[in-house]
Structures are given as C-alpha cells and as structure tokens.
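# Chain and residue survey
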Amino acid sequence: MTDPEERDGQGRAPVLSEEPLTNSSGAAEVAEVSEVTETDVQEQAPPPGTQPQPSSPAHVSDLDIVKHYFDTACDRLGVPDDVRDVLRTSYRETVVQIPVRFADGKIHVFKGYRVQHNGARGPYKGGLRYHPDVDLDEVRALAMLMTWKTAIAGIPYGGAKGGVNCRSDQLKPEELQAITRSLMDKIDKVLGPNRDIMAPDVGTNAQVMAWLMDEYGKLHGHTPAIVTGKPIPLEGSYGRESATGRGLVYLYREAAPKLGLSPSTTTVVVQGFGNVGSWAARILQQLGVRIIGVSNADGAIRNDDGIDTVKLHEFIEQGGKLTDYEGVDTISPDDLIAIPCDVFVPAALGGMIHEGNADRVQCKVLLEGANSPTTPVADEILREKDVYVIPDVMANAGGVVVSYFEWVQNMQHFRWEEREINDKLGNIMRRAFREVDAVARQKDLCLRDAAYELGIERVIETARTRGYI
Ligand code: NAD
C-alpha cells in the first residue's frame, strides 16, 4: 500500500487531497455451469449458543444477502421468472485444483474459483480474493454484485469474481507466487482482455496482479490488459490503489449537503482500516472531517478529538499494531459500531452489521465500503432508525471504475495523469449517485433498492438487445 507521502514509481507523489467542496453477454460461448443451489434468503436464527457476536459477521451468507436484494428488486420491477432465472445464476463457474509443493516437501492442495455471472454489458470484470473462507457461494455472490455494480456505474463490463481458499498473510512470497501462477495456468482459457479481467481484492495486491500478468504473458504474449491493479511500472494506473476509498469520499460529498453535513463538523468511524478504509479515512481527513473511531482485525480505537489517520497508517505500515497507537483509547471492537457519529464506514468484511447489532448503530449515514456489510434484517432496522444508507453496490464502485481506466490505458498503451483519473472517477461516481437518487425519489425507494433496480434494468436491456434473453 502506498503511503500518501511516498513517491510512486515515476517519482511523483500520489494525489491525496481533494478539490474544495463546491459542486454539489451474452457472448455465445459453451458454458460449463455447475448447479446453483437455491438458498433461503431469510436471515436464519443461528443455532442456540452461536448467536453472532456484535463484531463478527452474521449467520447469513453473502449469497443470501445479494440474492435477497436482487429478488425484492425483481418483485417490484415485475421481472418474469424465466428472465429472473437467467440473472439469478452464473453464466460460467470454473473450479480448479491447485496442488503446490511447498518447502516442507509436501503437496498442499488449494481450490481456485472464477465465477462469471453475466457478460451482457461487456467483458467480465471482478476481483480475486485470497482468504481461507473463500468458497463457491461467496464467489458467486461477489460476482453477481459486480454485474449490478458495473451497470450502475455505467461502465462497459459484466460481473465476475475469483478466489483461492488460502491465507495470503501466512504464506511465503514464493508459495503465494506458485499458487498464483498455477491458478492462471488452469483458468487462462476463460480469461482474456476482451473476455474477463481480474483485479485485486481482499488478500491480493499489485504484486499478485504482476505474477498473473506475467504468467498469462508466457501463454499468450505480453497482455497488460489481462489484469488491473498492477504496479505502476508494469502499466498499472495512477490512482487505482486509492480509488475505492476516494469513490466513497465523492459520494459522501454528494450526500452531505442533502443531509445538512459539512466536512468541518462531520465525525466519522471506520470499521476495517485496510486499503478501502484507510484511504477513505485519509482523504476525508484532508477535507477537514474528524475521524473518531477506527478498527481492524487487531482491535478498535477511539478519540473523540480526532485520530490522525495519516500518521496511524504510517504507524501500521511500519509494523505497528492498531491498538498500540498512542493518544487514543482502546475499546472493544463490539462497541465501535455504537459510537455516536455522522458517518459510519464499514470497510472490512461482509455481514458485519446484522440483526444482533444493528440497533446499536448511532450514525446518520452508513457509507458501505465493504461488499455486503449489511444483512437484510439489519437493513430494515437501519431504515426504521432513519439511517441514510449509501449502498455497497454504488458506494464502493470506485475501484472497478479506475480498473476500467487502467484497462483503457493498457489497450491504448497510453498513460493518464493521476489528477485526470481522479477527476474522471469523480464524474462517474457523481453521475451514478444522481441517477440512483433520481430513481429513489421518483419511486419513493431507499438508495439500495433504487440502485438494484437501475442495475438490473440496465442488464436486462442489454441482454434483450443482444438477443441473449
Ligand atoms: P484489506 O484486506 O486491505 O482490508 C480489510 C481490513 O479489514 C483490514 O484492515 C483487516 O484487518 C480488517 N478486518 C478484518 N476483520 C475485521 C473485523 N472483524 N473487524 C474490523 N476489521 C476487520 O481489504 P480491502 O481491499 O480494503 O477490502 C475491504 C472490503 O472492501 C472488502 O469487503 C472488499 O470486498 C471491499 N472492496 C474492496 C475494493 C478494493 O478496491 N480493494 C473494491 C470494492 C470493494
């Protein structure tokens, strides 16, 4: 992760600051589709004794969450059952075995996934996640979410996601590289710069993208547009690393005047101080916003006078533990969600706001950085509490938008300046917000419901025009 003070590969400092707050598939291929299990979208009561802890994810899967929001949108839109069946399932699901011999002399077997949900609007696009909990259902959920997200942002992609069930933080670099190259060797046939383009997600980074690009190049010749989120010297794009956090800030700025918020008086709490959360926090801080609570997997901290998140980020980058940071109070991660604040940014994992803790939320705005952080029951509770939710499917699109810019630059073998990229990102995020907000007002819906309706309608329209459905 690049420190904002650090120089990039070209000797320039990444752009951290914001300008003043003044502006308001369907390709016919032979599909190998494995059976998609219909899941109950109700938030199931967990078995006795396993009630979710307030700081841990809910007992409802990401797939249940995404399908619930999809189904309720289809009900409202009156989408016919046969069309719904096409959109509810994936176009192609590839599952591969990744056997890798480690230095201990033993073969370790991992599972690799690539799910291509829908390609009606363009090549499949979506991240690659390395996490021990990765399974086919989680990848299906994230792939489906990408289909609506790219449609809402209005960029010419379909939706996909990939993953490997490994712990990247506990693997040696050479082991991680071997897993990554082996994955590419097994799935390269379903990828391509005009077919499916991967990007970083939880547990992967620019280095992993570089290995993927190199391995694909061995098989098909130099093809930088095969992945996005690459290192800057390897045809990566300026602004990609900060893009998701920056996109969240653009949406805060769009919503703030409507809600009577101004940066100098806004207080923010960030759950998950990783790529998305730390960039959002640092850029918000530059605007004059006060960050009063932060958490990561190590714990949570609070200071109502404000936490300097630029210094906190430096401290963590240098190996410090969040809870050892000076000048703050260490609090229980369970209590972070209950800090009274203007904006709460969930930027960790899915299902973190659930029926067991939603009533403790004390923010005016929930700005969803993570994918599927809010379960359907929690969403209802937040609605009753009048929390203004800016949903993941729109809010965290900044990453895929700048991935799109990286892909365009790679196709043209051309490079744009970071300022230009951030400006273009702002235009797309603002447009998405205004279009979703217009649907919400016209139909008297919340932003999440309006966003899903807009995304689904756009995908149906292109799939119909192509003759796919
Ligand atoms: P990351 O791995 O860089 O950061 C995740 C952070 O969450 C880490 O700081 C980790 O310590 C923390 N965390 C883990 N468990 C936690 C817990 N129980 N409580 C509090 N914090 C916890 O990942 P990221 O790229 O920042 O992604 C975060 C979320 O945003 C994911 O849901 C991801 O799918 C989503 N997202 C990421 C991007 C992107 O461009 N990176 C784009 C869209 C959506």
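All figures in this text were calculated on a predicted structure; none of them were measured in a lab.

Helix and strand counts for the protein chain stand at 14 helices and 12 strands. For the protein chain, with 469 residues in total, the buried portion stands at 59%. As displayed, the protein chain offers around 18400 Å² of accessible surface, 48% of which is attributable to carbon and sulfur atoms.

With respect to topology, five strands assemble into an open sheet ordered 1-2-4-3-5, the strand pairing being mixed. Where the open sheet ends on each side, the last strands, each with one partner, are strand 1 (92-101) and strand 5 (196-200). When the angles between neighbouring strand axes are averaged without regard to direction, this sheet yields 20 degrees. Examined bridge by bridge, strand 3 (residues 124-130) and strand 5 share five bridges and lie parallel to one another. If you follow K125 over to strand 5, its bridge partner there is I197.

Tallied over the entire structure, the rule returns 10 aromatic pairs. When the ring of Y157 is compared with that of Y404, the centres are 5.8 Å apart and the planes differ by 85 degrees; the resulting orientation is edge-to-face. Residue Y157 is located in the loop between helix 3 (136-153) and strand 4 (158-164), and its partner Y404 is located in helix 12 (residues 398-412); the two are separated by 247 residues in the primary sequence. Where Y404 meets F405, the ring centres are 5.8 Å apart and the plane angle is 40 degrees; that geometry is what we call tilted. Cluster of aromatic residues (ring-pair linked, three or more members): Y157, Y404, F405, W407 and W416. One residue, R282, lies across the ring of W279, its end atom 4.0 Å from the ring centre. In this structure, K424 is placed above the aromatic ring of W416, and the distance from its NZ or CZ to the ring centre is 4.8 Å.

Take the site of the ligand next. With respect to spatial proximity, 22 residues lie near the ligand, and among them R129, T244, V276, A297 and N371 are the closest. A distance of 2.7 Å is found between an oxygen atom of the ligand and a side-chain nitrogen or oxygen belonging to T244. Interatomic distance of 3.2 Å between a backbone N/O atom of A348 and an oxygen atom of the ligand. Summarising the interface, the protein chains cover 81% of the accessible area of the ligand, which totals 820 Å² for the free molecule. Counting only elements with at least two residues in the shell around the ligand, the list comes to helix 7 (275-287) and strand 7 (290-296).

Another aspect to go through is the side chain of K125. Tracing the sequence through the fold places K125 in strand 3. For K125, the side chain forms a polar contact with the main-chain oxygen of I197, separated by 3.3 Å.

Another aspect to go through is the nonpolar core. W148, Y252, L367, I390, Y452 and I456 are the most contacted members of the largest nonpolar core, which totals 90 residues. Excluding its chain neighbours within four sequence positions, the residues that come into contact with Y252 are L261, S262, P263, T266, L284, L287, V289, V343 and L367. By size, the runner-up hydrophobic cluster in this structure holds 26 residues, among which are L171, I179, V190 and V227.

Okay, the environment of H222 next. Take H222: it is sitting in the loop between helix 5 (206-220) and helix 6 (243-255). With a relative accessible area of 58%, H222 lands in the exposed category. Residue contacts for H222: discarding those within four places in its chain leaves M213, G217 and E235.

Here we take up the sheet that holds strand 8 (residues 299-302). In space, the seven strands of this open sheet follow the order 9-8-7-6-10-11-12, with mixed pairing throughout. Of all the strands in the sheet, the pair left with one neighbour each is strand 9 (329-331) and strand 12 (388-390). Within the sheet, the average angular offset between the axes of one strand and its neighbour, ignoring direction, is 20 degrees.

Its location among the elements puts R302 in strand 8. In this structure, the C-alpha to C-alpha distance between R302 and L336, residues 34 residues apart in sequence, is 8.0 Å. Here R302 is in contact with I292, G293, I307, V328, D329, I331, I339 and P340, once residues within four sequence places are set aside. There is a polar contact of 2.9 Å between the side chain of R302 and the side chain of D304.

Turning to unusual backbone geometry, a few remarks are in order. Not every positive phi belongs to a glycine, and D386 is a case in point at roughly 65 degrees. Along the polypeptide, D386 turns up in the loop between helix 10 (376-384) and strand 12. On the basis of relative accessibility, which here comes to 68%, the residue D386 falls in the exposed class. You will see that H413, though not glycine, has its phi angle at about 50 degrees, which is positive. Among the secondary structure elements, H413 is positioned in the loop between helix 12 and helix 13 (418-443).

It is worth spelling out the pairing of strand 3 at this point. Consecutive side chains of a regular strand alternate in pointing toward one face of the sheet and then the other. Most of strand 3 is tucked away, with seven of its seven residues classed as buried. Regarding the hand of the β-α-β motif, the stretch spanning strand 3, helix 3 and strand 4 is right-handed.

Turning our attention to the pattern of salt bridges. Under the criterion given, the structure shown has 34 salt bridges. One salt bridge in this structure joins K161 and D201, with 3.2 Å as the shortest N-O distance. Of the two residues, K161 sits in strand 4 while D201 sits in the loop between strand 5 and helix 5, which places them 40 residues apart along the sequence. In this structure, K161 and D201 share a single accessibility class: buried. Salt bridges sharing partners connect three or more residues here, namely R76, E368, D379, E380, R383, D392, K443, R448, D449 and E453.

Parameters and conventions
- Residues numbered from 1 in each chain as written.
- Predicted model: local features only at pLDDT ≥ 70, side-chain atom pairs only at ≥ 80, totals over all residues.
- Heavy atoms only, no water.
- Helix = DSSP H or I, 4+ residues; strand = E, 2+ residues; numbered from the N terminus.
- Buried < 20%, exposed > 50% of the residue type's maximum accessible area, 1.4 Å probe, protein only.
- Areas by Shrake-Rupley, 256 points an atom, 1.4 Å probe, with all protein chains shown as cover.
- Pairing = 2+ DSSP bridges.
- Axes fitted to C-alpha atoms, helices over the stretch in contact; angles between N-to-C directions.
- Phe/Tyr/Trp six-rings, centres within 6.5 Å; stacked < 30°, edge-to-face > 60°.
- Lys NZ or Arg CZ within 6 Å of the ring centre and 35° of its normal.
- Near = heavy atom within 4 Å.
- Polar contact = N/O pair within 3.5 Å; in protein donor to acceptor, adjacent residues only side chain to side chain.
- Core = buried A, V, L, I, M, F, W, Y, C linked by side-chain atoms within 4.5 Å.
- Contact = heavy atoms within 4.5 Å.
- Right-handed = clockwise from strand over helix to strand, strands pointing away.
- Salt bridge = Lys/Arg side-chain N within 4 Å of Asp/Glu carboxyl O.

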